[in-house]
Amino acid sequence: MRVLMVYAHPEPKSFNGAMRERAVAALTRAGHAIEVSDLYAEKFDPVAGRHDFESAADEDRFHYQSEQAAAARNDTFAPDLKREQDRLRRADFVIFQFPLWHGGVPAILKGWMDRVLACGISYVDGRRYDTGLFRGRRALVAVTTGGTPQRFSESYPYGPIERVLWQPQRMTLEYMGFEVEQPFIAYAAPRVSDAERAAYLDAYETRLVEATAKPVEFKPIGDPLALVAEKAWSGR
Ligand SMILES: Cc1cc2nc3c(=O)[nH]c(=O)nc-3n(C[C@H](O)[C@H](O)[C@H](O)COP(=O)(O)OP(=O)(O)OC[C@H]3O[C@@H](n4cnc5c(N)ncnc54)[C@H](O)[C@@H]3O)c2cc1C
């Protein structure tokens, strides 16, 4: 299986760095081809703009989704986006791994989603969820938190982790058609003991090896580009 990990942590010696190393070693040992988009190390630019495109569909008014749809049709995305979109297309299984920052994904990962998962590449109008372009492929969100499990419950301030992870899981991956596995959460990673952190690494390895052992039934829906409306994009 081809696995893409989109990894967002600025420090290789962090606990996230240890998780990434463990994941790469375990998945390689299990016979999978794993590719890592290491967003900080590769200095991924998360800021969307005209520089996303090699040419403009409308020089007068920048309308992001319309420009994305035009770039998808004309193959005019900037090289950094083409590279990431190729990585995504190759992958049967996608992992987003990150520390929870202000209740969500770090900005560099959100920027990756905005720029890479472009209109015409990861979704087109009328194709979402059950009919999403990536239907049949699978994904998993792996997160570290500062907060304890108790804080992520209904009666505590943060609310349940499923609600916290709604954006990457429901609004992005499932929107694109991915079947999303139960998330892997290393709660309170900086607060727990060394032994508990070692147990997190073991549990992460087990989860990833089990999740990638299940076959992927990719159901291609035809050429997404043929589905991109010719008109300017009017909404999601
Ligand atoms: C901007 C910002 C916003 C935040 N917002 C939130 C929030 O909304 N909710 C929330 O819950 N938390 C929040 N946090 C906390 C954050 O989620 C955690 O600090 C983070 O998830 C911990 O992961 P890390 O990889 O950075 O851990 P690190 O701090 O790098 O490491 C944690 C511990 O693991 C140890 N470690 C490193 N490598 C290994 C190894 N190989 N084996 C065993 N132990 C190891 C380290 O020595 C350290 O003691 C926020 C933090 C920041 C910076």
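See the structure shown above.
Predicted, not measured: the structure shown is a model, and the values here were computed from it. (Residues numbered from 1 in each chain as written. Predicted model: local features only at pLDDT ≥ 70, side-chain atom pairs only at ≥ 80, totals over all residues. Heavy atoms only, no water.)

1. Topic: the pattern of salt bridges
Per the stated rule, a full pass over the model turns up 22 salt bridges. Linking Arg-90 and Glu-35 is a salt bridge whose minimum nitrogen-to-oxygen distance equals 3.0 Å. Placement of Arg-90 in helix 3 (residues 79-90) and of Glu-35 in strand 2 (residues 33-38) is noted, with a sequence separation of 55 residues between them. Residue Arg-128 is joined to Asp-125 by a salt bridge in which the shortest nitrogen-to-oxygen separation is 3.2 Å. Through salt bridges with shared partners, a single ionic network connects Glu-35, Glu-42, Arg-83, Glu-84, Arg-87 and Arg-90. (Salt bridge = Lys/Arg side-chain N within 4 Å of Asp/Glu carboxyl O. Helix = DSSP H or I, 4+ residues; strand = E, 2+ residues; numbered from the N terminus.)

2. Topic: the packing of aromatic side chains
Throughout the structure, instances matching the rule amount to 11 aromatic pairs. Both rings, one in Phe-53 and one in Phe-62, keep their centres 6.3 Å apart while their planes meet at 50°; by these two values the pair is tilted. Judged by relative accessible area, Phe-53 falls into the buried class, the value being 9%. Among the residues examined, Phe-62 registers a relative accessible area of 31% and is labelled partly exposed. Ring geometry for Phe-53 and Tyr-64: centres 6.1 Å apart, planes at 65°, overall edge-to-face. Of this pair, Phe-53 sits in the loop between strand 2 and helix 2 (64-74) while Tyr-64 sits in helix 2; the two residues are 11 residues apart in sequence, bridging distant segments of the chain. Site record: aromatic cluster; members linked through ring pairs are Phe-53, Phe-62, Tyr-64 and Phe-77. Lying over the aromatic face of Tyr-7, Arg-20 brings its terminal NZ or CZ to 4.7 Å of the ring centre. (Phe/Tyr/Trp six-rings, centres within 6.5 Å; stacked < 30°, edge-to-face > 60°. Buried < 20%, exposed > 50% of the residue type's maximum accessible area, 1.4 Å probe, protein only. Lys NZ or Arg CZ within 6 Å of the ring centre and 35° of its normal.)

3. Observations regarding the site of the ligand
The environment of the ligand is formed by 21 residues, the closest being His-9, Leu-100, His-102, Thr-144 and Gly-147. Here an oxygen atom of the ligand sits 2.8 Å away from a polar atom, N or O, in the main chain of Asn-16. A distance of 2.6 Å is found between an oxygen atom of the ligand and a side-chain nitrogen or oxygen belonging to Thr-144. Contact with the protein chains removes 63% of the 1,000 Å² of surface that the ligand exposes when unbound. Counting residues per element, the ones that place at least two in the shell around the ligand are helix 1 (15-29) and helix 7 (194-213). The element contributing the most residues to the shell around the ligand is helix 1, with three residues. Looking at the shell around the ligand residue by residue, the class counts come to 10 nonpolar, nine polar and two charged. (Near = heavy atom within 4 Å. Polar contact = N/O pair within 3.5 Å; in protein donor to acceptor, adjacent residues only side chain to side chain. Areas by Shrake-Rupley, 256 points an atom, 1.4 Å probe, with all protein chains shown as cover. Nonpolar A, V, L, I, M, F, W, Y, C, P; charged D, E, K, R; others polar.)

4. Structural notes on the environment of Cys-119
Relative to the helices and strands, Cys-119 is located in the loop between helix 4 (107-116) and strand 4 (138-144). Residues Cys-119 and Ala-198, spaced 79 residues apart in sequence, show a C-alpha to C-alpha distance of 40 Å.

5. Comments concerning unusual backbone geometry
Phi angles above zero are rare outside glycine, and Lys-43 is one such case at about 55°. Residue placement: Lys-43 occurs in the loop between strand 2 and helix 2. The phi angle at His-102 is positive, at roughly 45°, despite the residue not being glycine. Along the chain, His-102 turns up in the loop between strand 3 (93-99) and helix 4.

6. Considering the pairing of strand 4
Within strand 4, seven of the seven residues are buried, which leaves the element mostly enclosed by the surrounding structure. Along strand 4, one buried face is formed by Arg-138, Leu-140, Ala-142 and Thr-144 and the opposite face, lined by Ala-139, Val-141 and Val-143, is buried too. Where strand 3 lies against strand 4, seven bridges are found, and the strand directions are parallel. Within strand 4, the position partnered with Val-94 by the bridge is Ala-139. For the handedness criterion, the β-α-β arrangement of strand 3, helix 4 and strand 4 is classed as right-handed. (Pairing = 2+ DSSP bridges. Right-handed = clockwise from strand over helix to strand, strands pointing away.)

7. Digging into helix 1
For helix 1, spanning 15 residues, the distance from its first C-alpha to its last is 21 Å, which sits close to the expected 21 Å at 1.5 Å a residue. Where helix 1 is buried, its residues meet strand 1 (2-7), strand 2, strand 3, strand 4, strand 6 (184-186) and helix 7. (Expected span 1.5 Å × (residues − 1). Contact = heavy atoms within 4.5 Å.)

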